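Remarks on the overall topology
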Amino acid sequence: MDIELHENQRPTMAILTYADQKRVFRGNQENFIDLIHTGEEYGVLVYVMTTAEFKLMGNQAIGYTYNSQTNKWRKELLPLPHVIYNRIPFRKYELLPEVQQVLQACIKHRKIRFFNPTFFNKWTLFEWLNKSKNTQSLIPATQKLTTNADLESLLLKHPNLYLKPIRGKAGKGIMKVSRIYEKNAKARRYELSVQDKTKSHISRYSNIPQLWNQIREMMGSQDYIIQQGITLANYKQRPYDLRVLVQKNSKGRWTIAGVGARLAGKMSITTHVPRGGSIDDPVKLLESGFGPAGSKKILNRAKKSALIIAKQIERASQSMLGEMSMDLGVDNNGQIWFFEANSKPMKFDEPHIRKKSLDNLIQYSIHLAKQPTKAPRLSSGAVKRNAAKDSTSKAR
Ligand SMILES: Nc1ncnc2c1ncn2[C@@H]1O[C@H](COP(=O)(O)OP(=O)(O)O)[C@@H](O)[C@H]1O
Ligand SMILES: [Mg+2]
(Lines give C-alpha, C1' and ligand atoms only; values in the text may rest on other atoms or scores of the structure.)
(Ligands and ions follow the chains in the order given, each with its own letter.)
Protein backbone atom coordinates (compact mmCIF):
# COMPACT_ATOMS: atom_id res chain seq x y z
CA MET A 1 0.00 0.00 0.00
CA ASP A 2 1.30 3.41 -0.93
CA ILE A 3 0.98 5.70 2.05
CA GLU A 4 3.00 8.82 2.33
CA LEU A 5 3.13 10.06 5.87
CA HIS A 6 4.67 13.30 6.97
CA GLU A 7 6.85 11.43 9.39
CA ASN A 8 7.26 8.33 7.32
CA GLN A 9 5.84 5.84 9.75
CA ARG A 10 3.11 3.22 9.70
CA PRO A 11 -0.27 4.90 10.25
CA THR A 12 -1.28 4.23 13.82
CA MET A 13 -4.65 4.41 15.51
CA ALA A 14 -5.30 4.12 19.23
CA ILE A 15 -8.76 3.21 20.49
CA LEU A 16 -9.32 5.14 23.70
CA THR A 17 -11.33 3.48 26.46
CA TYR A 18 -11.75 3.37 30.20
CA ALA A 19 -9.97 0.94 32.53
CA ASP A 20 -11.34 -0.20 35.85
CA GLN A 21 -10.41 -2.73 38.51
CA LYS A 22 -12.66 -5.46 37.14
CA ARG A 23 -11.19 -5.92 33.69
CA VAL A 24 -8.20 -4.78 31.70
CA PHE A 25 -10.46 -2.23 30.11
CA ARG A 26 -14.10 -1.53 29.36
CA GLY A 27 -15.91 -1.33 26.05
CA ASN A 28 -16.77 -3.91 23.44
CA GLN A 29 -13.54 -5.91 23.18
CA GLU A 30 -14.83 -7.90 20.23
CA ASN A 31 -15.25 -4.62 18.43
CA PHE A 32 -11.71 -3.58 19.25
CA ILE A 33 -10.32 -6.89 18.02
CA ASP A 34 -12.24 -6.60 14.73
CA LEU A 35 -10.80 -3.14 14.25
CA ILE A 36 -7.27 -4.38 14.99
CA HIS A 37 -7.68 -7.12 12.36
CA THR A 38 -9.08 -4.70 9.79
CA GLY A 39 -6.11 -2.46 10.51
CA GLU A 40 -3.77 -5.35 9.71
CA GLU A 41 -5.41 -5.73 6.29
CA TYR A 42 -4.65 -2.10 5.49
CA GLY A 43 -1.20 -1.88 7.10
CA VAL A 44 -2.46 0.23 9.98
CA LEU A 45 -1.29 -0.41 13.53
CA VAL A 46 -4.33 -0.38 15.84
CA TYR A 47 -4.08 -0.71 19.60
CA VAL A 48 -6.13 0.03 22.70
CA MET A 49 -5.26 2.82 25.08
CA THR A 50 -6.81 3.41 28.50
CA THR A 51 -7.51 6.72 30.18
CA ALA A 52 -5.84 5.47 33.38
CA GLU A 53 -2.50 4.82 31.70
CA PHE A 54 -2.76 7.71 29.33
CA LYS A 55 0.57 9.39 28.76
CA LEU A 56 1.68 10.91 25.50
CA MET A 57 5.34 11.50 25.99
CA GLY A 58 7.76 11.96 23.14
CA ASN A 59 7.25 9.32 20.49
CA GLN A 60 5.61 6.64 22.55
CA ALA A 61 2.50 5.69 24.43
CA ILE A 62 1.31 2.82 26.60
CA GLY A 63 -1.19 0.57 24.89
CA TYR A 64 -2.53 -2.93 24.49
CA THR A 65 -2.02 -5.07 21.42
CA TYR A 66 -3.93 -8.26 20.82
CA ASN A 67 -2.46 -11.66 20.08
CA SER A 68 -4.92 -13.75 18.06
CA GLN A 69 -3.02 -16.98 18.71
CA THR A 70 -3.19 -16.77 22.48
CA ASN A 71 -6.33 -14.58 22.64
CA LYS A 72 -4.51 -12.31 25.04
CA TRP A 73 -3.94 -8.61 25.42
CA ARG A 74 -0.39 -7.46 25.91
CA LYS A 75 0.62 -4.18 27.49
CA GLU A 76 3.43 -2.52 25.57
CA LEU A 77 5.23 0.70 24.85
CA LEU A 78 3.99 1.61 21.36
CA PRO A 79 4.48 4.37 18.81
CA LEU A 80 2.54 7.55 19.48
CA PRO A 81 -0.70 7.27 17.48
CA HIS A 82 -1.52 9.59 14.60
CA VAL A 83 -5.19 9.15 15.37
CA ILE A 84 -7.21 8.50 18.52
CA TYR A 85 -10.68 7.01 18.23
CA ASN A 86 -12.71 7.72 21.35
CA ARG A 87 -14.70 4.70 22.58
CA ILE A 88 -15.13 5.55 26.27
CA PRO A 89 -18.28 3.50 26.71
CA PHE A 90 -20.38 5.39 29.27
CA ARG A 91 -21.23 8.98 30.07
CA LYS A 92 -20.46 8.41 33.74
CA TYR A 93 -16.83 7.67 32.81
CA GLU A 94 -16.61 10.60 30.42
CA LEU A 95 -17.68 12.92 33.25
CA LEU A 96 -14.89 11.87 35.66
CA PRO A 97 -12.35 14.68 36.18
CA GLU A 98 -9.39 12.42 35.37
CA VAL A 99 -11.07 11.36 32.12
CA GLN A 100 -11.91 14.96 31.27
CA GLN A 101 -8.22 15.78 31.60
CA VAL A 102 -7.31 13.04 29.15
CA LEU A 103 -9.94 14.21 26.67
CA GLN A 104 -8.65 17.78 26.83
CA ALA A 105 -5.09 16.58 26.29
CA CYS A 106 -6.22 14.63 23.21
CA ILE A 107 -8.13 17.60 21.79
CA LYS A 108 -5.19 19.96 22.30
CA HIS A 109 -2.39 17.61 21.22
CA ARG A 110 -0.68 19.03 18.17
CA LYS A 111 0.34 15.75 16.62
CA ILE A 112 -2.78 13.75 17.22
CA ARG A 113 -6.12 13.88 15.46
CA PHE A 114 -8.78 12.96 17.95
CA PHE A 115 -12.29 12.24 16.74
CA ASN A 116 -15.69 11.94 18.43
CA PRO A 117 -14.55 13.75 21.58
CA THR A 118 -17.86 13.49 23.52
CA PHE A 119 -21.28 11.93 23.79
CA PHE A 120 -24.17 13.92 22.33
CA ASN A 121 -27.23 14.85 24.31
CA LYS A 122 -30.73 14.97 22.93
CA TRP A 123 -31.38 18.60 23.78
CA THR A 124 -28.20 20.07 22.25
CA LEU A 125 -28.76 17.89 19.17
CA PHE A 126 -32.14 19.52 18.79
CA GLU A 127 -30.65 22.99 19.23
CA TRP A 128 -27.93 22.29 16.66
CA LEU A 129 -30.36 20.99 14.07
CA ASN A 130 -32.87 23.75 14.71
CA LYS A 131 -30.22 26.31 13.78
CA SER A 132 -30.07 25.37 10.12
CA LYS A 133 -32.79 25.71 7.49
CA ASN A 134 -31.54 22.46 5.94
CA THR A 135 -32.30 20.38 9.01
CA GLN A 136 -35.16 22.24 10.74
CA SER A 137 -37.83 20.44 8.77
CA LEU A 138 -36.46 17.03 9.79
CA ILE A 139 -36.88 17.38 13.56
CA PRO A 140 -40.09 16.86 15.51
CA ALA A 141 -41.23 19.80 17.69
CA THR A 142 -39.13 19.51 20.86
CA GLN A 143 -38.89 21.35 24.18
CA LYS A 144 -37.05 20.94 27.43
CA LEU A 145 -39.44 19.46 29.97
CA THR A 146 -39.42 21.42 33.20
CA THR A 147 -42.99 22.34 34.16
CA ASN A 148 -46.47 20.99 33.55
CA ALA A 149 -47.04 24.05 31.35
CA ASP A 150 -44.51 22.62 28.85
CA LEU A 151 -46.48 19.41 28.83
CA GLU A 152 -49.85 21.11 28.54
CA SER A 153 -48.91 23.46 25.72
CA LEU A 154 -47.35 20.76 23.56
CA LEU A 155 -50.29 18.43 24.22
CA LEU A 156 -52.62 21.04 22.75
CA LYS A 157 -50.68 20.90 19.49
CA HIS A 158 -49.89 17.19 19.27
CA PRO A 159 -52.01 14.22 20.38
CA ASN A 160 -48.94 12.07 21.14
CA LEU A 161 -45.76 13.10 22.88
CA TYR A 162 -42.50 11.32 23.64
CA LEU A 163 -40.66 12.13 26.86
CA LYS A 164 -37.01 11.19 26.76
CA PRO A 165 -34.04 11.57 29.11
CA ILE A 166 -31.56 13.98 27.53
CA ARG A 167 -28.69 11.59 28.26
CA GLY A 168 -30.64 8.38 27.77
CA LYS A 169 -29.98 5.41 25.57
CA ALA A 170 -31.51 2.08 24.58
CA GLY A 171 -35.00 3.23 25.42
CA LYS A 172 -34.30 3.70 29.12
CA GLY A 173 -36.68 6.13 30.81
CA ILE A 174 -38.75 6.80 27.69
CA MET A 175 -42.42 7.66 28.22
CA LYS A 176 -45.25 8.40 25.85
CA VAL A 177 -48.26 10.59 26.59
CA SER A 178 -51.40 10.41 24.48
CA ARG A 179 -54.51 12.55 24.53
CA ILE A 180 -57.53 10.30 24.22
CA TYR A 181 -61.19 11.09 23.71
CA GLU A 182 -63.54 8.58 25.17
CA LYS A 183 -67.03 8.11 23.86
CA ASN A 184 -69.74 9.31 26.24
CA ALA A 185 -67.26 11.36 28.17
CA LYS A 186 -66.56 15.01 27.61
CA ALA A 187 -63.52 15.04 29.83
CA ARG A 188 -60.20 14.68 28.13
CA ARG A 189 -58.19 11.80 29.34
CA TYR A 190 -54.53 11.20 29.19
CA GLU A 191 -52.69 7.98 28.77
CA LEU A 192 -49.15 7.49 29.96
CA SER A 193 -47.06 4.60 28.61
CA VAL A 194 -43.81 3.86 30.34
CA GLN A 195 -41.28 1.63 28.67
CA ASP A 196 -40.27 -1.26 30.90
CA LYS A 197 -37.84 -4.05 29.97
CA THR A 198 -39.79 -5.44 27.02
CA LYS A 199 -43.32 -4.16 27.63
CA SER A 200 -44.81 -0.76 28.19
CA HIS A 201 -47.08 -0.10 31.17
CA ILE A 202 -50.11 2.06 30.62
CA SER A 203 -51.90 4.27 33.14
CA ARG A 204 -54.70 6.82 32.67
CA TYR A 205 -55.33 10.26 34.17
CA SER A 206 -58.27 12.62 34.00
CA ASN A 207 -56.28 15.81 34.46
CA ILE A 208 -52.87 17.27 33.78
CA PRO A 209 -51.77 17.82 37.42
CA GLN A 210 -52.26 14.13 38.20
CA LEU A 211 -50.49 13.12 35.02
CA TRP A 212 -47.68 15.53 35.75
CA ASN A 213 -47.24 14.13 39.28
CA GLN A 214 -46.72 10.67 37.90
CA ILE A 215 -44.34 11.89 35.19
CA ARG A 216 -42.26 13.82 37.70
CA GLU A 217 -41.93 10.76 39.83
CA MET A 218 -40.70 8.75 36.84
CA MET A 219 -38.29 11.52 35.78
CA GLY A 220 -36.54 11.62 39.14
CA SER A 221 -33.58 13.97 38.89
CA GLN A 222 -32.91 13.37 35.20
CA ASP A 223 -33.24 16.10 32.57
CA TYR A 224 -35.85 15.35 29.94
CA ILE A 225 -37.06 16.60 26.59
CA ILE A 226 -40.63 16.41 25.42
CA GLN A 227 -41.20 15.79 21.74
CA GLN A 228 -43.96 15.63 19.18
CA GLY A 229 -44.83 11.96 18.69
CA ILE A 230 -44.53 10.76 15.11
CA THR A 231 -46.90 8.07 13.91
CA LEU A 232 -44.41 5.65 12.46
CA ALA A 233 -45.02 3.60 9.36
CA ASN A 234 -45.66 -0.01 10.35
CA TYR A 235 -45.24 -3.54 9.11
CA LYS A 236 -47.86 -6.07 10.24
CA GLN A 237 -48.96 -3.49 12.79
CA ARG A 238 -45.51 -3.18 14.27
CA PRO A 239 -43.97 0.31 13.89
CA TYR A 240 -40.40 0.49 12.64
CA ASP A 241 -37.65 3.02 12.28
CA LEU A 242 -34.37 3.27 10.40
CA ARG A 243 -30.88 3.06 11.91
CA VAL A 244 -28.35 4.76 9.70
CA LEU A 245 -24.60 4.54 10.12
CA VAL A 246 -22.88 7.67 8.82
CA GLN A 247 -19.08 7.67 8.63
CA LYS A 248 -16.25 9.54 7.00
CA ASN A 249 -14.39 7.72 4.25
CA SER A 250 -10.85 7.56 2.90
CA LYS A 251 -11.20 11.15 1.64
CA GLY A 252 -12.57 12.46 4.93
CA ARG A 253 -16.06 12.93 3.47
CA TRP A 254 -19.32 11.86 5.10
CA THR A 255 -20.86 8.72 3.56
CA ILE A 256 -23.58 6.22 4.39
CA ALA A 257 -22.07 2.96 5.64
CA GLY A 258 -25.48 1.34 5.76
CA VAL A 259 -29.14 1.56 6.66
CA GLY A 260 -30.82 -0.99 8.90
CA ALA A 261 -34.35 -1.18 10.24
CA ARG A 262 -35.70 -2.00 13.70
CA LEU A 263 -39.24 -3.28 14.18
CA ALA A 264 -40.89 -2.48 17.50
CA GLY A 265 -41.88 -5.29 19.82
CA LYS A 266 -45.63 -5.88 20.02
CA MET A 267 -45.92 -4.31 23.46
CA SER A 268 -43.24 -1.70 23.18
CA ILE A 269 -43.21 2.06 22.53
CA THR A 270 -39.68 1.90 21.10
CA THR A 271 -37.94 -0.28 18.53
CA HIS A 272 -34.89 -1.38 20.58
CA VAL A 273 -33.90 -5.01 20.14
CA PRO A 274 -33.33 -5.60 23.90
CA ARG A 275 -36.91 -4.36 24.43
CA GLY A 276 -38.53 -6.90 22.15
CA GLY A 277 -37.72 -5.19 18.85
CA SER A 278 -36.11 -7.00 15.95
CA ILE A 279 -33.74 -6.31 13.09
CA ASP A 280 -35.19 -6.30 9.62
CA ASP A 281 -34.52 -5.32 6.04
CA PRO A 282 -35.50 -1.68 5.37
CA VAL A 283 -36.36 -2.38 1.73
CA LYS A 284 -38.78 -5.16 2.65
CA LEU A 285 -40.51 -3.01 5.28
CA LEU A 286 -40.71 0.11 3.12
CA GLU A 287 -41.90 -1.78 0.04
CA SER A 288 -44.75 -3.35 1.98
CA GLY A 289 -46.19 0.08 2.74
CA PHE A 290 -44.99 2.31 -0.07
CA GLY A 291 -44.33 -0.04 -3.02
CA PRO A 292 -40.97 -0.53 -4.77
CA ALA A 293 -40.78 2.99 -6.23
CA GLY A 294 -41.89 4.62 -2.98
CA SER A 295 -39.42 2.56 -1.00
CA LYS A 296 -36.55 3.60 -3.22
CA LYS A 297 -37.49 7.25 -2.94
CA ILE A 298 -37.80 7.13 0.86
CA LEU A 299 -34.53 5.27 1.30
CA ASN A 300 -32.72 7.82 -0.85
CA ARG A 301 -34.32 10.66 1.06
CA ALA A 302 -33.30 9.05 4.36
CA LYS A 303 -29.69 8.76 3.19
CA LYS A 304 -29.59 12.32 1.91
CA SER A 305 -31.13 13.61 5.14
CA ALA A 306 -28.65 11.65 7.25
CA LEU A 307 -25.72 13.25 5.41
CA ILE A 308 -27.13 16.74 5.79
CA ILE A 309 -27.78 16.10 9.50
CA ALA A 310 -24.26 14.72 10.09
CA LYS A 311 -22.71 17.80 8.49
CA GLN A 312 -24.84 20.16 10.56
CA ILE A 313 -24.08 18.28 13.80
CA GLU A 314 -20.37 18.44 13.06
CA ARG A 315 -20.48 22.12 12.19
CA ALA A 316 -22.58 23.09 15.22
CA SER A 317 -20.66 20.92 17.68
CA GLN A 318 -17.38 22.49 16.59
CA SER A 319 -15.63 19.21 17.06
CA MET A 320 -13.99 16.63 14.87
CA LEU A 321 -16.31 13.72 14.13
CA GLY A 322 -15.67 10.55 12.16
CA GLU A 323 -18.87 8.62 12.65
CA MET A 324 -22.32 8.61 14.16
CA SER A 325 -25.39 6.42 14.08
CA MET A 326 -28.80 7.96 13.61
CA ASP A 327 -32.34 6.93 14.42
CA LEU A 328 -34.68 8.14 11.73
CA GLY A 329 -38.44 7.68 11.69
CA VAL A 330 -40.58 7.30 8.58
CA ASP A 331 -44.18 8.42 8.99
CA ASN A 332 -47.22 7.18 7.09
CA ASN A 333 -46.64 9.77 4.36
CA GLY A 334 -43.07 8.62 3.83
CA GLN A 335 -41.70 11.75 5.50
CA ILE A 336 -38.34 11.39 7.33
CA TRP A 337 -37.95 12.44 10.99
CA PHE A 338 -34.79 12.69 13.09
CA PHE A 339 -34.99 11.11 16.58
CA GLU A 340 -31.40 11.06 17.73
CA ALA A 341 -27.76 10.65 16.80
CA ASN A 342 -25.19 8.72 18.77
CA SER A 343 -21.46 9.46 18.78
CA LYS A 344 -20.66 5.97 20.12
CA PRO A 345 -22.56 3.81 17.63
CA MET A 346 -23.38 0.32 18.79
CA LYS A 347 -22.21 -2.53 16.62
CA PHE A 348 -24.48 -3.08 13.61
CA ASP A 349 -25.37 -6.76 13.34
CA GLU A 350 -26.02 -6.65 9.59
CA PRO A 351 -22.79 -8.21 8.20
CA HIS A 352 -22.48 -5.87 5.18
CA ILE A 353 -22.83 -2.76 7.38
CA ARG A 354 -20.44 -4.22 9.91
CA LYS A 355 -17.75 -4.84 7.29
CA LYS A 356 -18.17 -1.41 5.74
CA SER A 357 -18.01 0.31 9.12
CA LEU A 358 -14.64 -1.26 9.99
CA ASP A 359 -13.21 -0.44 6.55
CA ASN A 360 -14.37 3.16 6.80
CA LEU A 361 -12.86 3.66 10.25
CA ILE A 362 -9.48 2.39 9.11
CA GLN A 363 -9.51 4.27 5.81
CA TYR A 364 -10.56 7.46 7.54
CA SER A 365 -7.68 7.00 9.99
CA ILE A 366 -5.24 6.64 7.11
CA HIS A 367 -6.64 9.85 5.67
CA LEU A 368 -6.24 11.64 9.01
CA ALA A 369 -2.73 10.32 9.51
CA LYS A 370 -1.72 11.89 6.20
CA GLN A 371 -3.08 15.32 7.11
CA PRO A 372 -0.61 18.01 8.14
CA THR A 373 -0.46 18.43 11.92
CA LYS A 374 -2.30 21.30 13.54
CA ALA A 375 -0.63 24.66 13.89
CA PRO A 376 -0.13 25.32 17.58
CA ARG A 377 -2.81 27.57 19.04
CA LEU A 378 -0.43 29.79 20.98
CA SER A 379 0.84 33.36 20.87
CA SER A 380 3.17 34.02 17.94
CA GLY A 381 6.23 34.08 20.19
CA ALA A 382 5.25 30.80 21.69
CA VAL A 383 4.48 29.45 18.23
CA LYS A 384 8.02 30.22 17.14
CA ARG A 385 9.55 28.74 20.25
CA ASN A 386 7.42 25.67 19.78
CA ALA A 387 8.28 25.38 16.12
CA ALA A 388 11.97 25.45 16.98
CA LYS A 389 11.41 22.76 19.58
CA ASP A 390 9.44 20.74 17.06
CA SER A 391 12.23 20.63 14.50
CA THR A 392 14.59 19.17 17.07
CA SER A 393 12.12 16.53 18.24
CA LYS A 394 10.76 15.45 14.93
CA ALA A 395 10.96 11.71 15.28
CA ARG A 396 7.83 10.31 16.84
N1 LIG B 1 -40.85 11.68 18.70
C2 LIG B 1 -41.02 10.37 18.53
N3 LIG B 1 -42.09 9.88 17.84
C4 LIG B 1 -42.25 8.54 17.65
N5 LIG B 1 -41.39 7.61 18.10
C6 LIG B 1 -40.30 8.02 18.78
C7 LIG B 1 -40.06 9.41 19.02
N8 LIG B 1 -38.92 9.53 19.72
C9 LIG B 1 -38.47 8.27 19.90
N10 LIG B 1 -39.29 7.36 19.34
C11 LIG B 1 -39.09 5.89 19.35
O12 LIG B 1 -38.32 5.54 20.47
C13 LIG B 1 -37.04 5.05 20.05
C14 LIG B 1 -35.99 5.54 21.01
O15 LIG B 1 -35.86 6.93 20.95
P16 LIG B 1 -34.44 7.61 20.92
O17 LIG B 1 -34.65 9.07 20.80
O18 LIG B 1 -33.61 6.94 19.89
O19 LIG B 1 -33.90 7.29 22.39
P20 LIG B 1 -32.80 6.24 22.94
O21 LIG B 1 -31.60 7.07 23.23
O22 LIG B 1 -33.37 5.67 24.18
O23 LIG B 1 -32.54 5.22 21.86
C24 LIG B 1 -36.87 5.51 18.63
O25 LIG B 1 -35.99 4.68 17.93
C26 LIG B 1 -38.30 5.45 18.12
O27 LIG B 1 -38.66 4.12 17.81
MG1 LIG C 1 -32.02 5.50 19.92
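Along each chain, residue indices are assigned from 1 in the same order as the chain's sequence is written. For this description, chains carry letters from A and ligands carry numbers from 1, given in the order in which they are written. Residues qualify for local features only when their pLDDT is at least 70, as the model is predicted, and side-chain atom pairs are given and counted only at 80 or more; totals for whole chains, interfaces and linings, by contrast, use all residues. Hydrogen atoms and water are omitted, and side-chain values are computed over all heavy atoms in the structure.

1. A look at the overall build of the protein chain
Looking only at helices and strands, the protein chain has ten helices and 18 strands in total. When a residue's accessible area, from a 1.4 Å probe over protein chains only, is under 20% of the maximum for its type it is buried; when over 50% it is exposed; and in between it is partly exposed. The proportion of buried residues among the 396 residues of the protein chain is 53%. Residue contacts are counted whenever heavy atoms from the two residues lie within 4.5 Å of one another. Looking at the protein chain alone, contacts between residues at least 24 apart form 64% of all its contacts between residues at least 6 apart. Helix and strand definitions here come from DSSP, where helices need a minimum of 4 consecutive H or I residues and strands a minimum of 2 consecutive E residues; each element is numbered from the N-terminal end.

2. Concerning the side chain of Ser-178
Residue placement: Ser-178 occurs in strand S9 (residues 175-181). You can call Ser-178 buried: its relative accessible area is 9%. Any pair of N or O atoms that falls within 3.5 Å is considered a polar contact. Within protein, one atom must be able to donate a hydrogen and the other to accept it, and sequence-neighbouring residues count only if both atoms are side-chain atoms. Within the local environment of Ser-178, its side chain forms a polar contact with the side chain of Asn-160, the two groups lying 2.8 Å apart. Those residues in contact with Ser-178 that sit more than four places away from it in its chain are Pro-159, Asn-160, Arg-189, Tyr-190 and Glu-191.

3. What to know about the coordination of the magnesium ion (ligand 2)
Any nitrogen, oxygen or sulfur atom within 2.8 Å of a metal ion counts as a donor, with the limit raised to 3.2 Å for Na, K and Ca, and since water is left out, coordination shells can look unfinished. Each protein donor to the magnesium ion (ligand 2) is listed here as Asp-327 (OD) and Glu-340 (OE); together their distances run 2.0 to 2.1 Å. Of this pair, Asp-327 sits in strand S17 (residues 323-330) while Glu-340 is found in strand S18 (residues 336-342), placing the two residues 13 residues apart along the sequence. A relative accessible area of 14% places Glu-340 in the buried class.

4. Focus: the layout of surface pockets
Lining residues are those with an atom within 4 Å of a point, where the points come from a 1 Å grid over the protein atoms alone and group into cavities, where a 1.4 Å probe fits but cannot get out, or pockets, open sets with protein on both sides within 12 Å along at least five of seven lines. Grid points are joined across faces, edges and corners, and a volume is the space filled by probe spheres set on the points. In this structure, the largest pocket encloses a volume near 1,300 Å³. Around the largest pocket, the lining is made up of 50 residues, and of these Lys-169, Asn-342, Lys-344, Pro-345 and Met-346 lie nearest the centre. Counting residues per element, the ones that place at least two in the lining of the largest pocket are helix H1 (29-42), helix H2 (91-94), helix H4 (122-130), strand S14 (238-248), S17, S18 and helix H9 (351-370). A per-class count over the lining of the largest pocket returns 22 nonpolar, twelve polar and 16 charged. Taken as a whole, the second largest pocket encloses approximately 730 Å³ of empty space. Along the wall of the second largest pocket there are 41 residues; nearest its centre are Tyr-162, Leu-232, Ile-269, Thr-270 and Thr-271. Breaking the lining of the second largest pocket down by element, the ones donating at least two residues are strand S8 (160-165), S9, strand S10 (188-195), strand S11 (200-205), strand S12 (224-228), S14 and S18. Gly counts as polar in this scheme, as do all residues outside two lists: the nonpolar Ala, Val, Leu, Ile, Met, Phe, Trp, Tyr, Cys and Pro, and the charged Asp, Glu, Lys and Arg. Classifying every residue of the lining of the second largest pocket gives twelve nonpolar, 16 polar and 13 charged. For every domain, the bounds stem from an assignment made automatically or drawn from a database. Inspection of the lining of the second largest pocket shows a minimum of three residues originating in each of domain 2 (132-136 + 232-343) and domain 3 (141-228).

5. Observations regarding the pattern of salt bridges
In what follows, salt bridge is the name for a side-chain nitrogen of Lys or Arg lying within 4 Å of a carboxyl oxygen of Asp or Glu. Under the defined criterion, the tally for this structure stands at 15 salt bridges. Among the ionic pairs, Arg-167 bridges to Asp-223, the shortest N-O distance being 3.3 Å. Remark: Asp-223 occurs in the loop between helix H7 (208-219) and S12 and Arg-167 occurs in the loop between S8 and S9; sequence separation between them is 56 residues. Notably, a salt bridge pairs Asp-349 with Lys-347, separated by 3.7 Å at the nearest N-O pair. Classification of Lys-347 by relative accessible area gives partly exposed; the value is 31%. Put simply, Asp-241, Arg-243 and Asp-327 are held in one network by salt bridges that share partners.

6. Some thoughts on the packing of helix H6 (residues 148-157) against H7
Note on definitions: angles span 0 to 180 degrees between N-to-C directions of axes, and those axes are lines fitted to C-alpha atoms, for helices only across the stretch in contact. Running from N to C, H6 and H7 point in directions that differ by 120 degrees, and their axes come no closer than 10 Å. Relative to H7, the element H6 is oriented oblique. H7 is crossed by H6, and the crossing has right-handed handedness. Touching Asn-148, Leu-151, Glu-152 and Leu-155 of H6 are Ile-208, Leu-211, Trp-212 and Ile-215, all from H7. A per-class count over the contact of H6 with H7 returns six nonpolar, one polar and one charged. Reported orientations rely on four angle classes, namely roughly parallel under 35 degrees, roughly antiparallel over 145, roughly perpendicular from 65 to 115, and oblique for the rest. It is the rotation of the near helix from the far one that decides the hand of a crossing: anticlockwise by less than a right angle makes it left-handed, clockwise makes it right-handed.

7. Side note on the confidence of the model for the protein chain
pLDDT expresses, on a scale from 0 to 100, how confident the predictor is about each individual residue. Mean pLDDT over the protein chain works out to 89, with 89% of the residues at or above the 70 mark. Taken together, the stretch residues 1-7 has pLDDT below 50 and engages in 20 contacts with residues farther than four places along the chain or on a different chain. Per-residue pLDDT stays below 50 along residues 376-396; that stretch engages in 20 contacts with residues further than four places along the chain or on separate chains.

8. A word on the site of ligand 1
Lining the immediate environment of ligand 1, one finds 20 residues, of which Lys-122, Lys-164, Gly-171, Asp-241 and Asp-327 sit closest. At a separation of 3.0 Å, a nitrogen atom of ligand 1 approaches a polar side-chain atom of Gln-227. The contact in question runs from an oxygen atom of ligand 1 to an N or O atom on the side chain of Arg-243, over 3.2 Å. Areas reported here follow the Shrake-Rupley algorithm with a probe of radius 1.4 Å; residue values treat only the protein chains shown as occluding. In the complex, 99% of the free accessible area of ligand 1, which totals 540 Å², lies under the protein chains. To qualify as sitting in a cavity or pocket, a molecule needs more than half of its atoms within 2 Å of the grid points. Judged by the fraction of its atoms near the pocket grid, ligand 1 is located in the second largest pocket. Among the elements of the structure, S8, S12, S14 and S18 are those that each provide at least two residues to the shell around ligand 1. Of the residues contributing to the shell around ligand 1, the split by class is five nonpolar, eight polar and seven charged. For each residue, the test is whether any non-hydrogen atom lies within 4 Å of the molecule or strand; if one does, the residue is near.

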